[in-house]
Amino acid sequence: AIMLAVIIIVMAVPEGLPLMISLVSSLNMGKMLKDNVLVRKISGIETAGSINLLFSDKTGTITKGHLEAILYADGLGVETEKYDDIPDVQRKFMSYCINENTDAVISGDAPHDVKVIGGNLTERAVLAYTGGRGSIGAKKLAVLPFNSSNKYSATSIDAPDFKGTVIKGAPERILHRCKYILKADGSKMPVEGDWLIDNKIDALAERAIRVLMFAVSDTIMDAENPDIEGDDWTLVGILGIRDDVRPESITAIAEVQKAGIQVVMITGDRKETAVAIAKEAGLVKNEDDILLTSDEFNELSDEEVAEILPKLRVIARALPHDKSRLVRISQNLNLVVGMTGDGVNDSPALKAADIGFAMGITGTEVAKEASEIIIMDDNFSSIDKAILYGRTIFNSIRKFIIFQLTINVSAVLISFIAPLIGLGEPLTITQILWINLIMDTLAAIAFGGEPALHRYMNDKPKRRDEPIVSREMMSEIGTAGVVTFTLALIYLLAPFVKDMFRPAAEYTSPNGVLITESYLYTGFFAFFVFTAVFNAFNARTERINLFDNISKNKGFLYVIAAIVIIQVALIYLGRGVFECWGLTLSEWAVVLCFAVIIIPIDLLRKAIMRVFIKKA
């Protein structure tokens, strides 16, 4: 009784599942790295496949991340493309605003052999526009670094022909503080009525061109506590900076949306620019899509945000704490949330999200440490691939569970019922150990190599509380388990089956032990293993074609072939350990005929399930 209890426990517990999850995740980590996806935390792979909502940065992820300043416009809206064509006085002050108010530096000889080092993408684009010309190395008296609240930076300088403060930053934070416009002849014109530059900024925004504004002031900041007061600044002009949308991002976004995942773009750009890029990228398609600025977003309560969240597409002029708030609200709605980020300020949101994607090129070390996955090429299409691999792993785990639990159900039923009806123990302890080896280690290798199929992206995202064993899986496990058990009873009890096998023979071994050669039970051991082998083909695909994409998982075929070869060898060579006595061709025919029945039974089940799913 104790031995029987141990056998049943061994068969009932799916102890190979943790091994399989680790193995399948490890096998796919190498594949993902080839697609520029570096997995830091192995649990993040499966989570990626369950995302409902993805918050994505714009620059370098949806767009190319290659910023280029393409035009200049003065305060009256007069546009100039090349730096050298800007009127002399305006060009001089633009040079001060750019060269003396930046964290980046220029190396090489201007203007053709210039390299920009340091700074962020915007500063490098702006410095590249000047080509290193106009830099005079003025004495810096005080520096106010850029911050997310002011959205501008300022530097007080002492130059031969100007002593004051130069400013660059977001138009909405600079324009209202300007009282004058610097004209092409160097004179200052007081602002009267509407700003002409507003129309130019709006027109550029509609072309997905972001704008950086430049101004000067005669005020000198305090070096100890730098802050520029007053609203008597002089507007020098604006630079239009273009960052084209990646063509592959448009395709990837469409595929992610098709997968039922909502994508929300978070950007520091002004709303008009963000809207233009979102439309080009395919994020905004309908009139009821919601696009907010950070100020508009923060005027809403959590309840109001939760209500509009399904239609939210863009957050413009976003602040770092906006990301953390979005993650918290989304998770309260039971959504699985993905977040991208690259800066130090993004790390709280990356940590709080169910899965954080850090950028490998522009990302800081802090952001990478807070994330589960690093996107090595900063490309949205790589996020799409990470989601696909996550879904592939989830499906592979489910296939393994179907295969393993089918064996568990049938083996437990046989081990428990057989002694009760006088059949003894049809499977010996060593035979059960071999069956466990098949359904644990070898099956993990076989199902771990399943290919990433794009049709997985057509599935709906998994709910946070969704059980891993679905209704369809239960139907397959229950059907295959009961059919295997029923076939086993017919095999063991039916007289016509016994008549097809040689009768048991007894003989005494040299050491005096009575040995019974039971060909029927040898065949039963083979039947059970081959039933599992045939059912592996059922479990690996939900389609009627059992060989669907099997060429992309040759490891599956190798493992199945290895199981078959070893099983045949055990039947003929495993006398002392496995109590097997070899089979004739006619006996093998009976075994295989019984075992192969599992295939048409499951094909019938799949056909019936398809009908019910279509009706539902």
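Since the model is a prediction, treat every value here as computed from it, not as a measurement.

Concerning helix α20 (residues 554-573)
Now for step 1: Under the 1.5 Å per step criterion, the end-to-end length of α20 is 28 Å for 20 residues, consistent within 8% with the ideal 28 Å.
Now for step 2: Contacts made by the buried residues of α20 are with α16 (429-448), α19 (519-539), α21 (575-578) and α22 (585-596).

What to know about helix α12 (residues 320-332)
Now for step 1: Turning to α12, its buried residues number three or more, namely D322, K323, R325, L326, V327, I329 and S330.
Now for step 2: Phi for N334, located one or two positions after α12, is positive at around 70°.

Structural notes on the pairing of strand β8 (residues 152-159)
Now for step 1: Most of β8 sits out of view: 7 of its 8 residues are buried.
Now for step 2: Note: strand β7 (residues 139-144) against β8, 5 bridges, orientation antiparallel. Looking at the pairing, V143 lines up with T155 of β8.
Now for step 3: Judged from the 8 bridges that link them, β8 and strand β9 (residues 162-169) form a sheet pairing that is antiparallel. Bridged to I157 within β9 is G164.

A closer look at the nonpolar core
Now for step 1: Counting residues in each nonpolar core, the largest one holds 113 residues, and the members touching the most others are F357 and F403.
Now for step 2: Broken down by element, this core gets its largest block of residues, 16 residues, from helix α15 (residues 380-420).
Now for step 3: Ignoring anything within four residues of it in the chain, the contact list for F403 reads I438, M439, A443, F447, A532, A536 and A539.
Now for step 4: Core analysis: the next-biggest nonpolar cluster, separate from the first, contains 27 residues, Y72, I86, A138 and I157 among them.

A word on the packing of aromatic side chains
Now for step 1: Counted according to the given criterion, the structure contains 17 aromatic pairs.
Now for step 2: Ring plane angle 90° and centroid distance 6.3 Å describe the contact between F527 and F594, whose orientation is recorded as edge-to-face. With F527 in helix α19 and F594 in helix α22, this residue pair connects regions lying 67 residues apart in the sequence.
Now for step 3: Looking at F527, the relative accessible area reads 0%, which means it is buried.
Now for step 4: According to the relative accessible area criterion, F594 is buried, its value standing at 10%.
Now for step 5: One aromatic cluster is present, built from ring pairs that chain together F403, F447, F537, F547 and F556.
Now for step 6: Positioned above the aromatic ring of F297 is the side chain of R325, whose terminal nitrogen or guanidinium carbon lies 4.7 Å from the ring centre.
Now for step 7: One cation-aromatic arrangement involves R540 over F556; the distance from NZ or CZ to the ring centre is 5.6 Å.

What counts, and where the lines are drawn
Residues numbered from 1 in each chain as written. Predicted model: local features only at pLDDT ≥ 70, side-chain atom pairs only at ≥ 80, totals over all residues. Heavy atoms only, no water. Helix = DSSP H or I, 4+ residues; strand = E, 2+ residues; numbered from the N terminus. Expected span 1.5 Å × (residues − 1). Contact = heavy atoms within 4.5 Å. Buried < 20%, exposed > 50% of the residue type's maximum accessible area, 1.4 Å probe, protein only. Pairing = 2+ DSSP bridges. Core = buried A, V, L, I, M, F, W, Y, C linked by side-chain atoms within 4.5 Å. Phe/Tyr/Trp six-rings, centres within 6.5 Å; stacked < 30°, edge-to-face > 60°. Lys NZ or Arg CZ within 6 Å of the ring centre and 35° of its normal.

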